[in-house]
Amino acid sequence: MIRIAAVGDIHMGPDSQGVLRPAFETLPGCADVLLLAGDLTRHGTPEEARVVAREIAGLGVPVVAVLGNHDHHDNRPQEVTAILQDAGAQVLEGQATVVTADGSRIGVAGTKGFGGGFVGRNAGEFGEPLMKEFVRYSRRCADGLRTGLEQLAGEDCDVRVALTHFSPVPETLAGEPLEIYPFLGSYLLAEAIDTAGADLAVHGHAHAGTEHGMTSGGVRVRNVAQPVIGRAFHVYHMPVGARLP
């Protein structure tokens, strides 16, 4: 059994140092990997990133992360990424990694993702240059996720996980105002997941959403934003070589 701990939207700042560390220190006894689904900071400053880094350093389990929109706010995502990587996390953007636990190989492909909406109510690549770039950026993120998952297909992984900040499906947004769905996720992420294949998709971003969803191709989707799961992290138990029950 592979145990995947995940949480997003922890929004740490200087006044939250040490809040999550006691719970994170229990991870070696209950999980094989920790996935961080973006919005790890409040404003994307290096100072806030260093708070997160101290929470996750030396945990005894691999840490894999993507950034969220908050982590980009100060326009210093490279610095935030470097600080988290110095603490031992692998930060993905259109990339994939494989971590091992008790002989099992856990493949994770990650991207922040972006908005645009969902089938039937989605933005199109038409009109003003800014609108075209909005959609193209969403597509580039999805293409990076697909490429990462395809890479993992050749890595003999026991499970493959798609890690994003924005949501691939509308089901996990239930509870959020319908008007903001286009800014919470994109169907392009789900297309990438279904095209390349995955056993589980994990995201954050939607604080008022719900935990459970599924792509049209049958991949289970979990919204692990901390306000949704109501704890320091949630652990998903996955049989080796089988989809999440």
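Here the structure is shown first, and the text comes after it.
Residues numbered from 1 in each chain as written. Predicted model: local features only at pLDDT ≥ 70, side-chain atom pairs only at ≥ 80, totals over all residues. Heavy atoms only, no water.

Caption draft 1: Region of the structure containing the nonpolar core. With 52 residues, the main nonpolar core has Ile4, Phe24, Leu27, Leu34, Leu35, Ile56 and Leu84 as its most contacted residues. Residues in contact with Phe24, not counting those within four places in the same chain, are Val7, Leu34, Glu55, Ile56, Leu59, Ala232 and Phe233. One finds Leu152, Leu173, Leu188 and Val219 within the second-largest nonpolar core, a separate group that totals 26 residues. (Core = buried A, V, L, I, M, F, W, Y, C linked by side-chain atoms within 4.5 Å. Buried < 20%, exposed > 50% of the residue type's maximum accessible area, 1.4 Å probe, protein only. Contact = heavy atoms within 4.5 Å.)

Caption draft 2: A look at the sheet that holds strand S9 (residues 159-164). In spatial order, the strands read S5-S6-S9-S10-S12-S11; together these six strands make up an open sheet with mixed pairing. If you trace the sheet from one side to the other, it starts and ends with strand S5 (95-101) and strand S11 (212-214), each paired once. Taking each pair of neighbouring strands and ignoring which way they run, the sheet shows an average axis angle of 25°. Two strands pair when backbone bridges link them, and S5 and strand S6 (residues 104-111) are joined in this way by seven bridges, in the antiparallel orientation. (Pairing = 2+ DSSP bridges. Helix = DSSP H or I, 4+ residues; strand = E, 2+ residues; numbered from the N terminus. Axes fitted to C-alpha atoms, helices over the stretch in contact; angles between N-to-C directions.)

Caption draft 3: Quick peek at helix H3 (residues 46-56). Burial within H3 is extensive, with eight of its 11 residues counted as buried. Within H3, the full set of buried residues consists of Pro46, Glu48, Ala49, Val51, Val52, Ala53, Glu55 and Ile56. As for H3, its buried residues are in contact with helix H1 (21-24), strand S2 (33-37), strand S3 (63-66) and helix H4 (77-86). Directly after H3, the chain includes Gly58, whose backbone phi takes a positive value near 60°.

Caption draft 4: Representation of the environment of Phe114 within the structure. Note that Phe114 resides in the loop between S6 and strand S7 (117-118). Ignoring any residue separated from it by four or fewer positions in sequence, one finds Phe114 in contact with Phe134, Tyr137, Ser138, Phe166, Gly185 and Ser186.

Caption draft 5: View of the pattern of salt bridges. Tallying each qualifying case throughout the model produces 11 salt bridges. With a closest N to O distance of 3.2 Å, Arg76 and Asp74 form a salt bridge. The partly exposed category is assigned to Arg76, whose relative accessible area is 31%. Of the charged contacts, one joins Arg146 and Asp143 as a salt bridge, the two residues approaching to 2.9 Å between their closest N and O atoms. Placement of the pair is Arg146 and Asp143 together in helix H5 (residues 129-153), with a separation of three residues, close to one helical turn. When salt bridges that share partners are traced, they join Asp74, Arg76 and Glu79 into one network. (Salt bridge = Lys/Arg side-chain N within 4 Å of Asp/Glu carboxyl O.)

Caption draft 6: Layout of the packing of H5 against helix H6 (residues 187-196). One way to put it is that H5 packs onto H6 with a least axis distance of 8 Å and a crossing angle of 20°. Taken as axis vectors, H5 and H6 run roughly parallel relative to one another. Crossing geometry of H5 relative to H6 is assigned as right-handed. Packed against H5, whose contacting residues are Ser138, Arg139, Ala142, Leu145, Arg146, Leu149 and Glu150, the element H6 presents Leu188, Leu189, Ala192, Ile193, Thr195 and Ala196 at the interface. (Parallel < 35°, antiparallel > 145°, perpendicular 65-115°, else oblique. Left-handed = near helix turned anticlockwise from the far one by under 90°.)

Caption draft 7: Summary view of the sheet that holds S2. What the five strands build is an open sheet, ordered S4-S3-S2-S1-S13; its pairing is mixed. Because the sheet does not close on itself, it has two edges, and the strands there are strand S4 (90-91) and strand S13 (234-238).

Caption draft 8: Local environment of the packing of H3 against H4. Contact geometry for H3 and H4: axes closest at 8 Å, N-to-C directions at 20°. Taken as axis vectors, H3 and H4 run roughly parallel relative to one another. H3 and H4 meet at a crossing whose hand is right-handed. From H3, Pro46, Ala49, Arg50, Val52, Ala53 and Ile56 reach across to H4, where they touch Glu79, Val80, Ile83 and Leu84. For the contact of H3 with H4, the per-class residue count stands at eight nonpolar, no polar and two charged. (Nonpolar A, V, L, I, M, F, W, Y, C, P; charged D, E, K, R; others polar.)

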